[in-house]
Amino acid sequence: MTSNPFFKASDLPYELPPFARIRQEHFLPAFERGMSEQLAEVAEIGARAAPPTFENTVEALERSGALLRRVGLVFHNKSSSDTDAAFQELEAEIAPRLAAHEDALLLDTALFARLDALFERSDQLSLDSEQLRLLERHHTRRVRAGARLAPEQQRRLRELNAEIAARCTEFQQNLRTATASAALVLDRAEELAGLPADEIAAAAETARALGHDGGYVLGLKNFSNQTQLAALEDPALRERLLAASLGRGADSNGPIAVALATLRAERAALLGHVSHAAWAVADQTAGSTGAVEDMLGRLIGPALAHAEREGAALAEAAGVAEVRAADWQYYSERVRRERFELDAAALRPYLELETVLRDGVFHAAGLVYGVTFTERPDLVAYHPDARVFEVHDADGSPLGLYLGDFHARGSKRGGAWMNHLVVQSRLLGQQPVVVNNLNIAKPPAGEPVLLTWDEVTTLFHEFGHALHGLFSDVRYPTLAGTQVPRDFVEFPSQVNEMWAEWPEVLAHYARHHVTGEPMPAELPARLREAESFGEGFRSVEHLAAAVLDWAWHTLSADGDLPDADGAEAFEAAALERHGLALPAIPPRYRSGYFAHVFAGGYAAGYYGYRWSEVLDADTVRWFRENGKTIRESGEIFRRELLSKGNSVDPAAAFRAVVGRDPDIGPLLARRALDKP
């Protein structure tokens, strides 16, 4: 294993991992050596005879674990974007070992003693603001992780953390299997009547890739309401598709959801909190469970009222007393066509992926921040679908690498996300390498990739996360990029969505993929008007998921915990308590496929999308009304917030941009929740 490519820093530009040389067998030895090296480094820090200083303790800790960081970033990206059965076995093996390693670092008594001594006299150390922030973060993280607990309590804590990690991995792997097996396999193109021709072709291509030559496969997105429901003409097929979506993971992952909620409740009690939510939110920008519940309470009532009005309009259009969940999107699209003269399918010829990417997403980044993107086909990514772009700043200086992996495939999980492959750090001399993953259906070779408006918005959203990573300009890797509180991390990405419909940007990319003609001038205005119809539905389904997450994670260890087979009953009761048990509007995620909270980092944090949207909507208003040019505003947003990572308090970063605390009014107006 002397040739293991993880054993030394990559010699490629920006330390891009040498994917052409990385093999499955390299991961486990690299993890084992990486963990061993970091434990030795931390033991050496703790055993130093010299009194603790920032340099010999905190900065030394930041330098530790280089090998583990290299292999971990590649591994976690691969586990989501290009996995297989053998890799999943490795993932199941390594997850609890990584959790145990993390505990060994966080609960190391000698290291904590040095950090604690520094923290107690931090005002005497002549540290700059970033150093103070780093010391506070390392100290707080260890206190929250149980560094002050008695040895017997720490032993139980380690057991809980290992089991939670194993269960999360099991949940994700079950979900991948359940999602794949729930895909609808159809024999005839006629069954897909209503779908655009290119989507039918993509369904045929998916079927071919899965071994169903001559058939058609509708694969499932990671959320409840599948996008095809808006177009499919066959109500029975719509019902089958939604049922497949809502039912996946119920049997295999329901008991895991119960187990995870139970384990997290016990861990929270051990750490001195009444629930996992109370423990989690104490270190978020919200600060308390009361603040979260107050925000949710202010949004639920108006959202329900808005959805009720939409439902009445749909029932009238359908000529029925009440619209079924499987038909809601279909009749919503009909109302948009009739009321706003807007056909969603008519937008797609103007939204070709390559043009949206280069003339929309990249163009907007240049317009706002002055950066440019150059494709680097000479640099090899982790999969043939993934492309590498070099990013340069406005002055021509190199900034980092951006990888775009936009297409769905069997080896990739559902959804869309951003990962780091190299984290920016001036201390380590590293510039950022970031990845965006989406799940856009791949058409037959040579055919254009036409996007829905939702996919365009998703691309801009995930690119906002990428910019947050690329613009990071901090000294210490722990504070870099998107490593901010969970209820803040979605804020920059949601702000970036604004550029998708900004007139100057939209006009630059929305062109017919055959004729090159611009999108008709009246369509963007009608699109914005039509977007307001459906805000009730979107708000309710998202709030229902947030409430469901919150219900699972406000359980207390000494409370009435559900039985192993009681996930569905618990879910139904939680939604009913908040008035969100609407048969026509299922939650955006049900428990069996709620990977954000049962396999990701959003446990008791899904509310963060709405919390971040308060900041986002207020910032969009600031961009529009502050009297500065887009470029001037972009520089302020980048300098004061995007570049800071977690080196400053996030609330202070927001105030440095907008000049005050956030106002919920713009969010209510955006979602049409400010009207009776």
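This text follows the structure it describes.
Note that this is a predicted model, so its numbers are computed, not measured.

Conventions adopted
- Residues numbered from 1 in each chain as written.
- Predicted model: local features only at pLDDT ≥ 70, side-chain atom pairs only at ≥ 80, totals over all residues.
- Heavy atoms only, no water.
- Helix = DSSP H or I, 4+ residues; strand = E, 2+ residues; numbered from the N terminus.
- Rg over C-alpha atoms; globule rule 2.2 N^0.38 Å.
- Buried < 20%, exposed > 50% of the residue type's maximum accessible area, 1.4 Å probe, protein only.
- Contact = heavy atoms within 4.5 Å.
- Areas by Shrake-Rupley, 256 points an atom, 1.4 Å probe, with all protein chains shown as cover.
- Lys, Arg positive; Asp, Glu negative; His and termini not counted.
- Charge placed at Lys NZ, Arg CZ, Asp CG, Glu CD.
- Core = buried A, V, L, I, M, F, W, Y, C linked by side-chain atoms within 4.5 Å.
- Axes fitted to C-alpha atoms, helices over the stretch in contact; angles between N-to-C directions.
- Parallel < 35°, antiparallel > 145°, perpendicular 65-115°, else oblique.
- Left-handed = near helix turned anticlockwise from the far one by under 90°.
- Pairing = 2+ DSSP bridges.
- Salt bridge = Lys/Arg side-chain N within 4 Å of Asp/Glu carboxyl O.
- Polar contact = N/O pair within 3.5 Å; in protein donor to acceptor, adjacent residues only side chain to side chain.
- Phe/Tyr/Trp six-rings, centres within 6.5 Å; stacked < 30°, edge-to-face > 60°.
- Bend = angle between axes of the 7 residues up to and from the residue.
- Nonpolar A, V, L, I, M, F, W, Y, C, P; charged D, E, K, R; others polar.
- Expected span 1.5 Å × (residues − 1).

*Asks:* Please clarify how the overall build of the protein chain should be interpreted in this entry.
*Replies:* Per the secondary structure count, the protein chain includes 26 helices and seven strands. A globule of 676 residues ought to have a C-alpha radius of gyration of about 26 Å, and the protein chain, at 25 Å, matches this closely. Reported as C-alpha extents along the three principal axes, the dimensions of the protein chain are approximately 80 × 60 × 55 Å. By residue count, 57% of the 676 residues in the protein chain fall in the buried class. Long-range pairs, those at least 24 residues apart, make up 75% of the contacts in the protein chain with a sequence separation of at least 6. Carbon and sulfur atoms provide 51% of the accessible area of the protein chain, an area that totals close to 26,500 Å². The average position of the 69 basic charges and that of the 97 acidic charges among the side chains of the protein chain differ by 3 Å.

*Asks:* Looking at this model, I keep getting lost on the environment of Leu118. Mind explaining?
*Replies:* Position of Leu118 among the secondary structure elements: in helix 5 (residues 109-120). A relative accessible area of 1% places Leu118 in the buried class. Residues Leu118 and Ser556, 438 residues apart in the sequence, show an inter-C-alpha distance of 34 Å. If near-sequence neighbours (up to four positions away) are discounted, Leu118 is found in contact with Pro52, Thr53, Phe54, Thr57, Val58, Leu125 and Leu135.

*Asks:* What's the story with the nonpolar core in this structure? I'm lost.
*Replies:* With 161 residues, the main nonpolar core has Leu192, Tyr402, Phe460, Tyr509 and Trp552 as its most contacted residues. Apart from the residues lying within four places of it in its own chain, the contact partners of Tyr402 are Phe362, Phe373, Arg387, Val388, Phe389, Val391, Val434, Asn436, Phe463, Ala466 and Leu470. The next biggest cluster of nonpolar side chains, apart from the first, holds 30 residues, and it includes Phe27, Leu68, Leu98 and Val433.

*Asks:* Just checking my understanding: could you explain the packing of helix 7 (residues 151-181) against helix 10 (residues 250-270) for this structure?
*Replies:* The angle between the axes and the distance between the axes are what describe a pair of packed helices. At their nearest, the axes of helix 7 and helix 10 sit 10 Å apart, and the two run at 155 degrees to each other. Relative to helix 10, the element helix 7 lies roughly antiparallel. Between helix 7 and helix 10 lies a crossing of left-handed hand.

*Asks:* Is there a simple way to think about the pairing of strand 4 (residues 387-392) in this case?
*Replies:* Every regular strand shows the same layout, with side chains that alternate between the two sheet faces. In terms of residue burial, strand 4 counts as a mostly covered element, since five of its six residues are buried. Where strand 4 lies against strand 5 (residues 398-407), six bridges are found, and the strand directions are antiparallel. From the neighbouring strand, Arg387 faces strand 5, where its bridge partner is Gly404. Taking the residues that link successive antiparallel strands as the turn, the strand 4-strand 5 hairpin has five residues, and the phi of Gly396 there is positive, at about 90 degrees.

*Asks:* So what exactly am I meant to see when it comes to unusual backbone geometry here?
*Replies:* The general pattern is negative phi for most residues beyond glycine and trans for most peptide bonds. Even without being a glycine, Glu15 presents a positive backbone phi close to 60 degrees. Along the chain, Glu15 falls in the segment before helix 1 (24-46).

*Asks:* Looking at this structure, how should I read the side chain of Asp549?
*Replies:* Relative to the elements of secondary structure, Asp549 occurs in helix 20 (residues 535-553). Among buried Asp, Glu, Lys and Arg side chains, Asp549 stands out as unpaired, with Arg264 the closest opposite charge at 6.5 Å. In contact with Asp549, other than residues within four places in its own chain, are Phe594, Val597, Tyr602, Ala603, Ala604, Gly605, Tyr606 and Tyr607.

*Asks:* It is not clear to me how the pattern of salt bridges should be interpreted in this structure. Could you clarify?
*Replies:* Inspection of the entire model under this criterion finds 54 salt bridges. Shared partners join several salt bridges into a network, and the residues in it are Glu535, Arg538, Arg610, Glu613, Asp616, Arg670 and Arg671.

*Asks:* Could you clarify how one ought to interpret the side chain of His542 in this entry?
*Replies:* Position of His542 relative to the elements: it lies in helix 20. Relative accessible area serves as the criterion here: at 9%, His542 is assigned to the buried category. In this structure the side chain of His542 is engaged in a polar contact, spanning 2.7 Å, whose partner is the side chain of Arg610. Leaving out residues up to four positions away in the same chain, His542 has contacts with Arg588, Tyr606, Tyr609 and Arg610.

*Asks:* I'm lost on the packing of aromatic side chains in this one. Help?
*Replies:* The way to describe two aromatic rings as a pair is by their centre distance and the angle between their planes. Per the stated rule, a full pass over the model turns up 36 aromatic pairs. Look at Phe373 and Phe463: their rings are 5.5 Å apart centre to centre, the planes differ by 55 degrees, and that puts the pair in the tilted class. Of this pair, Phe373 sits in strand 3 (residues 372-375) while Phe463 is found in helix 16 (residues 453-470), placing the two residues 90 residues apart along the sequence. Per residue, the accessibility class of Phe373 equals that of Phe463, and both read buried. Here the aromatic rings of Tyr589 and Tyr606 are separated by 5.9 Å at their centres, their planes lie at 90 degrees, and the arrangement is edge-to-face.

*Asks:* Where do I start with helix 15 (residues 353-369) in this structure?
*Replies:* Counting along an α-helix, one turn takes 3.6 residues, and residues three or four places apart therefore face a common direction. The largest bend along helix 15 reaches roughly 30 degrees and is located at His363. Between the side-chain oxygen at the start of helix 15 and the backbone nitrogen of Glu354 there is a gap of 3.2 Å, and the oxygen is on Glu352. Phi for Gly370, located one or two positions after helix 15, is positive at around 85 degrees.

*Asks:* Whenever I open this one, the packing of helix 23 (residues 608-625) against helix 25 (residues 650-658) confuses me. Can you help?
*Replies:* Remark: helix 23 packs on helix 25, axes separated minimally by 10 Å, with the N-to-C direction vectors making an angle of 20 degrees. With respect to helix 25, the element helix 23 is oriented roughly parallel. In the packing of helix 23 onto helix 25, the handedness of the crossing is left-handed. Counting all contacts with helix 23, which are made through Leu615, Asp618, Thr619 and Trp622, the residues of helix 25 involved are Phe654, Val657 and Val658. Looking at the contact of helix 23 with helix 25 residue by residue, the classes come out as five nonpolar, one polar and one charged.

*Asks:* Before we go on, may I ask you to explain the sheet that holds strand 3 in this structure?
*Replies:* Spatially, 3-4-5-7-6 is the arrangement adopted by the five strands of the open sheet, whose pairing is mixed. At either margin of the open sheet sits one strand with a lone partner, and together these are strand 3 and strand 6 (417-422). Going across the sheet, the axis of each strand differs from the next one's by a mean of 30 degrees, ignoring polarity. Each of strand 5, strand 6 and strand 7 (433-440) is contacted by helix 3 (residues 66-81), which is oriented at about 150 degrees to strand 6, the strand it contacts most.

*Asks:* Explanation requested: helix 3 in the structure shown.
*Replies:* Over its 16 residues, helix 3 runs 23 Å from end to end, which matches the ideal 22 Å to within 8%, given 1.5 Å per residue. Those residues of helix 3 that sit buried are Leu67, Leu68, Val71, Gly72, Val74, Phe75, Asn77, Ser79, Ser80 and Ser81. Residues of helix 3 that are buried make contact with helix 1, helix 4 (85-106), helix 7, strand 5, strand 6 and strand 7.

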